[in-house]
Structures are given as structure tokens and as C-alpha cells.
Amino acid sequence: LDMADVVGAEVLIKLADEAGISVCFANPGTTEMHIVDALNACPSIRPVLGLHENVVTGAADGYARMSGRPAMSLLHLGPGLSNG
């Protein structure tokens, strides 16, 4: 893969995968579609859709505490970050 064709979202998901993240709790908006596409192309990270930012952050926190493994959350830019 030519690095000129790689977008930042792909690098982010690749680094998350290399860090051992196997689940991403997400409440994305339209501005995060590049990350959603990169996540969809990564079979080793399972996306879990949450219908509110608080649910997503709580699920990621609970997963990490119960499993002892890192989790990832993907929130919509702006209101999603402030609500999460």
C-alpha cells in the first residue's frame, strides 16, 4: 500500500489494532465516516454501535475494567465529545 493513498483514519485504526484493541464502542456522526470505513476494513476490531455518547463511554469503560483489556470509543465531533 502506497503511503500516499493512506488516510489518517486508517493509521488510527491500525495503531489501535497494534495496541491490542479488539472492540470499538461507537456513536459516530457524519464527520467520522472515514474512521467508520477504516474500522469496517479491520476485521480484528469489532464495532459496537451505541445510541448515546454516555452509553458508548460507559460501555468502553466497563469493558476495559471487566476484561482488563483496552477499549476504544468513537464519538461524534462536538456534541458527542461533550456529552461523552
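As shown above, the structure is provided for reference.
The rules we used
- Residues numbered from 1 in each chain as written.
- Predicted model: local features only at pLDDT ≥ 70, side-chain atom pairs only at ≥ 80, totals over all residues.
- Heavy atoms only, no water.
- Buried < 20%, exposed > 50% of the residue type's maximum accessible area, 1.4 Å probe, protein only.
- Helix = DSSP H or I, 4+ residues; strand = E, 2+ residues; numbered from the N terminus.
- Pairing = 2+ DSSP bridges.
- Right-handed = clockwise from strand over helix to strand, strands pointing away.
- Polar contact = N/O pair within 3.5 Å; in protein donor to acceptor, adjacent residues only side chain to side chain.
- Contact = heavy atoms within 4.5 Å.
- Salt bridge = Lys/Arg side-chain N within 4 Å of Asp/Glu carboxyl O.
- Core = buried A, V, L, I, M, F, W, Y, C linked by side-chain atoms within 4.5 Å.
- Arc of directions from axis to C-beta.

(A) Structural context of the pairing of strand β1 (residues 23-27). Counting buried positions along β1 gives five out of five residues, so the element sits mostly inside the fold. As defined by bridge partners, β1 adjoins strand β2 (residues 46-49) across four bridges and the pair is classed as parallel. Among the inter-strand pairings, F25 is bridged to a residue of β2, identified as V48. Each parallel crossover has a hand, and for β1 linked through helix α2 (residues 33-40) to β2 it is right-handed. Judged from the four bridges that link them, β1 and strand β3 (residues 72-75) form a sheet pairing that is parallel. Paired with N27 across the two strands is L75, which belongs to β3.

(B) Quick peek at the side chain of N27. With respect to the helices and strands, the residue N27 is situated in strand β1. With a relative accessible area of 13%, N27 lands in the buried category. For N27, the side chain forms a polar contact with the main-chain oxygen of G50, separated by 2.8 Å. Excluding residues within four positions of it along the chain, N27 makes contact with G50, L51, H52, E53, V56, L74, L75 and H76.

(C) Up close: the pattern of salt bridges. Summed over all chains, the structure comprises two salt bridges. Where K14 meets E18, a salt bridge forms, and the shortest distance between an N and an O atom there is 2.3 Å. Taken as a pair, K14 and E18 lie in helix α1 (residues 8-18) at a separation of four residues, close to a single helical turn. Side by side, K14 and E18 carry an identical accessibility label, which is exposed.

(D) Seen up close, the nonpolar core. In terms of nonpolar packing, the biggest core is built from 13 residues, with I13, C24, I45 and M72 touching the most fellow members. Excluding anything up to four places from it in sequence, M72 contacts L12, I13, A16, I21, V23, C24, F25 and A60.

(E) The environment of R65, seen in detail. Position of R65 relative to the elements: it lies in helix α3 (residues 53-67). In this structure the side chain of R65 is engaged in a polar contact, spanning 2.9 Å, whose partner is the side chain of D61.

(F) Representation of α1 in the model. A9, I13 and A16 are the residues of α1 that are buried. Projected onto a plane normal to the axis of α1, the buried residues spread over an arc of 60° and lie on a single side. Residues of α1 that are exposed and point over 90 degrees away from its buried face: G8, K14, L15 and E18. Among the structural elements, α2 and β3 are those in contact with the buried residues of α1. Directly after α1, the chain includes G20, whose backbone phi takes a positive value near 95°.

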